[in-house]
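Close look at the chain arrangement
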Amino acid sequence: MEDIYKLQATYFANVLYQQTGVVACVHLENNDDIMFWDSILQSKCPGHYYFITHSRSSKGIETSGSKQCLNYKSYLSKRFFIGIDSDLRYLLKEPKIDATHFICQTYTYSWENHYCEANALQERFQEKCPEKAKSFNFIEFLTAYSNAVYKPLLLLLHCIKNNKYDFTQRMFSNCLPKQCRFEELANNGKPLIERINKLFELHLNSKFAKEVNLDKEADAFSSINVTKQNAYLHIKGHNLFDLICYIGDLLCHRTNVSFKNDVLTRSLPPQNYWQLKKVGHDIIQILLHND
């Protein structure tokens, strides 16, 4: 029986010959991803891209997600490539997830994290809500948030790499609220950061955690440019994105501003930080590849 992924990949790769003006066929995890990937593709190589968000599994069932995208790894090219969220793959150095193998990834946990990049977010907030921006600074908040999640993230990655279950993704996520009270936004969210630190405290002070060399873990991840300053971009996307949405809605209450639409996802952030620069570099490398 012929490989169903090979058959589909051949068909997808030939789409640009069947439809005039198509630059490439790109398989994404789901429909929600199109906005981000099309924005960055247009910024690097403008044109019409044919996006696929569902395809047939080996059992012939219509399916989606990163696992489905990666089933095509052996059959990708500049005419048919995939765009996926990095999740923890980048941090765990999963092999062959790169432009050389015609795979684009976000280099943050997910594409949602890019819209939460502190400097660009504060700039958009300042532009759309200048009065509100006088009382809350997302750069200050996300700097403190990144500091709060950094050591727990190192501990989590240590456990995943070493197949330990003393601190799991669920435990990590349970310490990250997706909602807060308006009072917790005082002083650029200091009370909320204190709550997060307190939730992580129990895990960081456990006997198990004290035996883990977090400095060694920090050195390993700094070699791939993951630091205390940008750790917030590498945590599970919805943990960050949903909280920022909630904070923004509280701040914009009784205004005519839709924080999510008018501020958070209004435009692709400027591509001046390494995670987004790397995405753009990969796109160019794939599309300029010599067959």
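Being a predicted model, the structure only gives us computed values, none of them experimental. (Residues numbered from 1 in each chain as written. Predicted model: local features only at pLDDT ≥ 70, side-chain atom pairs only at ≥ 80, totals over all residues. Heavy atoms only, no water.)

Some points on the state of the cysteines
Applied cut-off: Any pair of cysteine sulfurs within 2.5 Å is marked as a disulfide. Think of it in three bands: residues with accessible area under 20% of the maximum for their type are buried, residues over 50% are exposed, and the middle band is partly exposed, with areas taken using a 1.4 Å probe on protein chains only.
Considering all chains together, one arrives at zero disulfides under this definition. Among the cysteines around Cys45, which has no disulfide bond, Cys104 carries the closest sulfur, lying 10 Å off. Look at Cys45 and you get buried, because its relative accessible area is 16%. There is no disulfide at Cys175, and the cysteine sulfur nearest it, in Cys159, is 13 Å away. Judged by relative accessible area, which is 4%, Cys175 ranks as buried.

Regarding the packing of helix H6 (residues 118-128) against helix H7 (residues 138-161)
Put simply, the test is: To get an axis, a line is fitted to the C-alpha atoms, and for a helix only the part in contact is used. The angle between two axes follows their N-to-C directions and goes from 0 to 180 degrees. A run of H or I in DSSP counts as a helix once it spans at least four residues, and a run of E counts as a strand once it spans at least two, with each numbered from the N terminus. Here roughly perpendicular refers to angles of 65 to 115 degrees, roughly parallel to angles under 35, roughly antiparallel to angles over 145, and oblique to all remaining angles. Each crossing is labelled by how the near helix is turned from the far one, with a counterclockwise turn of less than a right angle marking it left-handed and a clockwise turn marking it right-handed. Only heavy atoms matter for contacts: two residues are in contact if any of them lie within 4.5 Å across the pair.
Between H6 and H7, the shortest axis-to-axis distance is 8 Å and the interhelical angle comes to 150 degrees. The pairing of H6 with H7 is recorded here as roughly antiparallel in orientation. Every pair of crossing elements has a handedness; the one defined by H6 and H7 is right-handed. Here Ala118, Asn119, Leu121, Gln122 and Phe125 of H6 lie close against H7, whose contacting residues are Phe138, Ile139 and Leu142.

Concerning the nonpolar core
Put simply, the test is: Take the buried Ala, Val, Leu, Ile, Met, Phe, Trp, Tyr and Cys residues and link them wherever side-chain atoms come within 4.5 Å; each set so joined is a nonpolar core.
The biggest cluster of nonpolar side chains holds 97 residues, and the ones touching the most others in it are Phe141, Tyr145, Ile244 and Ile247. Sorting elements by how many residues they give to this core places H7 first, with 13 residues. Those residues in contact with Tyr145, other than ones at most four positions away along the chain, are Leu176, Ile193, Ile196, Tyr232, Ile235, Asn239, Leu240 and Leu243.

What to know about the packing of aromatic side chains
Note the following rule: Stacked, edge-to-face and tilted labels apply to pairs of Phe, Tyr and Trp rings (six-membered ring for Trp) whose centres lie within 6.5 Å, assigned for plane angles under 30 degrees, over 60, and everything in between, in that order.
This model, assessed by the stated rule, comprises 20 aromatic pairs. When the centroid spacing of 6.2 Å and the interplanar angle of 75 degrees are considered together, the rings of Phe125 and Phe259 count as edge-to-face. Here the residue Phe125 occupies a position in helix H6, and Phe259 occupies one in helix H13 (residues 259-264), the gap between them amounting to 134 residues. The same class applies to Phe125 and to Phe259, which are both buried. With 6.3 Å between their ring centres and 70 degrees between their planes, Phe167 and Phe172 make a pair best called edge-to-face.

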